[in-house]
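Spelled out from the first residue to the last, the chains are:
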Amino acid sequence: MRSSLCQSLLGVFLAVAVSCGGTGGRSGPMVTRSGSIAAQSESMAARSEPVAATPNRLPSPSAAEDAIATPFSALVSIATPASTGKPLAAGMNLSPINDWNREWPFVDVFKHSRAWLSQDRERMRPWNNHMPIELNAEGWPILQPGQSVATLMCVNQNGHYPGGVYTCTFEGTGKIEFRKDGRVIEGSESGNRLQVLVKPTDEGMIMRVLESDPQDPVRNIKVWMPGFENAESPFHPLFVERLRPFKVIRFMNWAQINKTTVAHWSDRTTPDSPRQSGTKGVAIEYMVDLCNELGADPWFCMPHLADDDFVRRYAELVKARLHGGGKVYVEWSNEAWNLSFPQGQWVRQQAQARGVSIVRVIAEETQRDWKIWREVFADEPERVVRVAAGQAHGPRIMEGLLEAMDGECDAVACAAYFGPRDASAEFNEFTTPQEAISAAVRYLVEDRLPLLRRHKEMADLWSQRTGRHIAFMTYEGGPGFSALGRRVPFLDAYIRAQTDPKMGEAYRTLLSSFQEIGGEVFVAFQYASDWNRYGCWGHLLYQDQPIEEAIKYRTLVEMVGATPK
């Protein structure tokens, strides 16, 4: 078992999900889908990492003792089935767009930049003077007397982002400077084109708008990586190349689903927005364009506050823009049963207002959006894959969803993580990476694989009941080594385990077992991100991590049948 806090959280998740309110339809007062709850959601902190939870059952003492006594190689041998002979169909979750993102999505790194902060014109101290920042209708700052504004790019990269001469272009009348990793070495006579020498460190670049004419403000700022000012694609080629093996791209984090307050079509980010970071997420157009460039299928999560007009326009944009024949995976929100996220709190409030269970609210909202997507794709209904996502640790949530929806979905999905279970009791400062991986494999054998099989059985059961195929897949998955934000003495063992060869063996065990169970698409979490006390989720530590060190990424790509690059 994990910490008592995690046990308590899971108890809340399951108890509320199965017992809150009645089981009927809409009844009682109802909080509007895109109404006042948005303000509450905006103020709540939401983590981008998957929430750890406790399994709803544990093996018997004798089984646990036998597993602990079993060597790593024997456990892997026991758990890993014979190869199916077929390449794994895999997808990938992307990281959120922000200034510390380890991925290199856009060659214009201003798109990754942090929201403006106010500073004094002549100095950078205090770092934020909290003077209100006026924005024009397009979102660009109008400076007050004595005010400058600053933003950050490429922070926390440990030097792992492209160096060289960047080109900064902008419109309007004003003055821009760069600090930290960037230094202006040349500017044109008009002042709207700067050459910026960048020497990457962990500090990243600071860009300041020192002057801006209120009648002709600085706007449309671009900061191009070396050699990409006139590139045809907005995406960095290494970012694209290392995504090519994956047939599905899940955009949960690009849409900032665990933080978003987007409710109306006018709320959304567009390609013309100043930046693609922030709680409104990335423009839908960029999501679709990335899939078009990859030849991949998008997996979209619908914002929980989005009104029907937003959902319909979203579907219409995708239908008009996505490459011909591409499938569209549609999920409502993300882990809406999870009370750690704003959407989980919203669902609980809705359940209380409607007098029904949390599961019933999720089912109603999910079907509401699916209906709109099917209407838009009425002439090609097979292109829309309606994904019902449950909780791996609590199969009763998926059981309740399928009952509430009468099996009206195209896929059943859950998370598929494996990691050490009782880390706080089992590990210390002398723990080795190999011991951590062995504990993770024991947990995989004892608990994870049976829960995956149970979800596959639910997909099969409802396939029989409905007379049509319902697929089983994951919405997230992979090695789940997390200290849950705690400063634990065995964190170094967790981090070093990510590049240990045994991690590849352990991960292959999960992936082969997923195939043997009958899983159809394994969507991993996540592409590239830092490894720290909040989790070692990234399959790549950096976008340019050497393949020989990227054990998790390499294992996944090899299972796909591709050559890691």
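Residues numbered from 1 in each chain as written. Predicted model: local features only at pLDDT ≥ 70, side-chain atom pairs only at ≥ 80, totals over all residues. Heavy atoms only, no water.

(A) Quick look at the overall build of the protein. Per the secondary structure count, the protein includes 15 helices and 18 strands. Looking at the 565 residues of the protein, the share that counts as buried comes to 59%. Put simply, of all contacts in the protein between residues at least 6 apart along the chain, 78% involve residues at least 24 apart. Summed over all atoms, the accessible surface of the protein reaches about 21600 Å², with 50% contributed by carbon and sulfur. (Helix = DSSP H or I, 4+ residues; strand = E, 2+ residues; numbered from the N terminus. Buried < 20%, exposed > 50% of the residue type's maximum accessible area, 1.4 Å probe, protein only. Contact = heavy atoms within 4.5 Å. Areas by Shrake-Rupley, 256 points an atom, 1.4 Å probe, with all protein chains shown as cover.)

(B) Spatial organisation of the packing of helix α12 (residues 433–466) against helix α14 (residues 501–517). Running from N to C, α12 and α14 point in directions that differ by 10°, and their axes come no closer than 10 Å. Relative to α14, α12 is oriented roughly parallel. Every residue of α14 that contacts α12 at Gln434, Ile437, Val441, Leu444, Leu449, Leu452, Arg453 and Lys456 is listed here: Lys502, Met503, Ala506, Thr509, Leu510, Ser513, Glu516 and Ile517. (Axes fitted to C-alpha atoms, helices over the stretch in contact; angles between N-to-C directions. Parallel < 35°, antiparallel > 145°, perpendicular 65-115°, else oblique.)

(C) Representation of the environment of Gly477. If you trace the backbone, Gly477 turns up in strand β17 (residues 471–479). Taking C-alpha positions, Gly477 is 4.6 Å from Ala524, a pair spaced 47 residues apart along the chain.

(D) Up close: helix α8 (residues 342–354). Here α8 is 13 residues long and its end C-alpha atoms lie 18 Å apart, about the 18 Å a rise of 1.5 Å per residue gives. With respect to burial, α8 is a largely interior element, ten of its 13 residues being buried. Considered for burial, the residues of α8 that qualify are Pro342, Gln343, Gly344, Gln345, Trp346, Val347, Gln350, Ala351, Ala353 and Arg354. Downstream of α8 by a residue or two, Gly355 has a phi angle that is positive, lying close to 70°. (Expected span 1.5 Å × (residues − 1).)

(E) Focus on the nonpolar core. Counting residues in each nonpolar core, the largest one holds 134 residues, and the members touching the most others are Leu243, Trp254, Leu290, Trp299, Phe300, Tyr314 and Trp373. The greatest single-element share of this core, amounting to eleven residues, is contributed by α12. (Core = buried A, V, L, I, M, F, W, Y, C linked by side-chain atoms within 4.5 Å.)

(F) Summary view of the sheet that holds strand β12 (residues 248–250). In spatial order, the strands read β1-β12-β13-β14-β15-β16-β17-β18; together these eight strands close into a barrel with parallel pairing. Here the strands of the sheet are splayed against their neighbours by 30° on average, with no regard to which way each runs. Bridge count between strand β14 (residues 328–332) and strand β15 (residues 384–389): three bridges; the pairing is parallel. What sits directly across from Tyr329, in β15, is Val385. (Pairing = 2+ DSSP bridges.)

(G) Looking closely at the sheet that holds strand β2 (residues 117–120). Here we have four strands laid out as an open sheet, ordered β2-β5-β10-β7, and antiparallel in their pairing. Whereas interior strands pair on both sides, the edge strands pair on one side only; in this sheet they are β2 and β7 (174–180). Going from strand to strand, the sheet's axes swing by 30° on average, the running direction of each strand aside. Looking at chain direction, β7 and strand β10 (residues 205–212) are connected through seven bridges and run antiparallel. Among the inter-strand pairings, Glu177 is bridged to a residue of β10, identified as Arg208.

(H) Spotlight on the environment of Pro298. Of note, Pro298 is situated in strand β13 (residues 297–302). Between the C-alpha atoms of Pro298 and Lys247, which are 51 residues apart in sequence, the distance is 8.7 Å. Not counting the four nearest positions on each side in its chain, Pro298 is found in contact with Ile249, Phe251, Cys291, Leu322, Lys327, Val328 and Tyr329.

(I) Focus on helix α15 (residues 551–560). Counting buried positions along α15 gives eight out of ten residues, so the element sits mostly inside the fold. When we look at burial in α15, the residues that qualify are Ile551, Lys552, Tyr553, Thr555, Leu556, Val557, Met559 and Val560. Packed against the buried residues of α15 are β1 (90–93), β17, α14 and β18 (521–524). Remark: Gly561 follows α15 within two positions and exhibits a positive phi of approximately 95°.

(J) The pattern of salt bridges, seen in detail. This structure, assessed with the given rule, holds 40 salt bridges. Between Lys371 and Glu375 there is a salt bridge, and its shortest N-O distance comes to 2.5 Å. Pair noted here: Lys371 and Glu375 are both in helix α9 (residues 358–376), with a separation of four residues, about one helical turn. Overall, Glu375 belongs to the partly exposed group, its relative accessible area being 35%. Overlapping salt bridges, with partners in common, bring together Asp308, Arg354, Glu364, Glu365 and Arg368 in one network. (Salt bridge = Lys/Arg side-chain N within 4 Å of Asp/Glu carboxyl O.)

(K) Examining the packing of aromatic side chains more closely. The tally for this structure, following the rule as stated, stands at 30 aromatic pairs. When the ring of Phe246 is compared with that of Tyr553, the centres are 6.2 Å apart and the planes differ by 75°; the resulting orientation is edge-to-face. Within this pair, whereas Phe246 is found in the loop between α5 (237–241) and β12, its partner Tyr553 is found in helix α15, the two being separated by 307 residues in sequence. Accessibility assignment for this pair places Phe246 and Tyr553 in one class, buried. Both rings, one in Phe427 and one in Tyr494, keep their centres 6.2 Å apart while their planes meet at 85°; by these two values the pair is edge-to-face. With Phe427 in the loop between α11 (423–426) and α12 and Tyr494 in helix α13 (residues 491–497), this residue pair connects regions lying 67 residues apart in the sequence. Classification of Tyr494 as buried rests on a relative accessible area of 1%. Across the ring face of Phe377, the terminal group of Lys319 is positioned such that the distance to the ring centre comes to 5.8 Å. (Phe/Tyr/Trp six-rings, centres within 6.5 Å; stacked < 30°, edge-to-face > 60°. Lys NZ or Arg CZ within 6 Å of the ring centre and 35° of its normal.)

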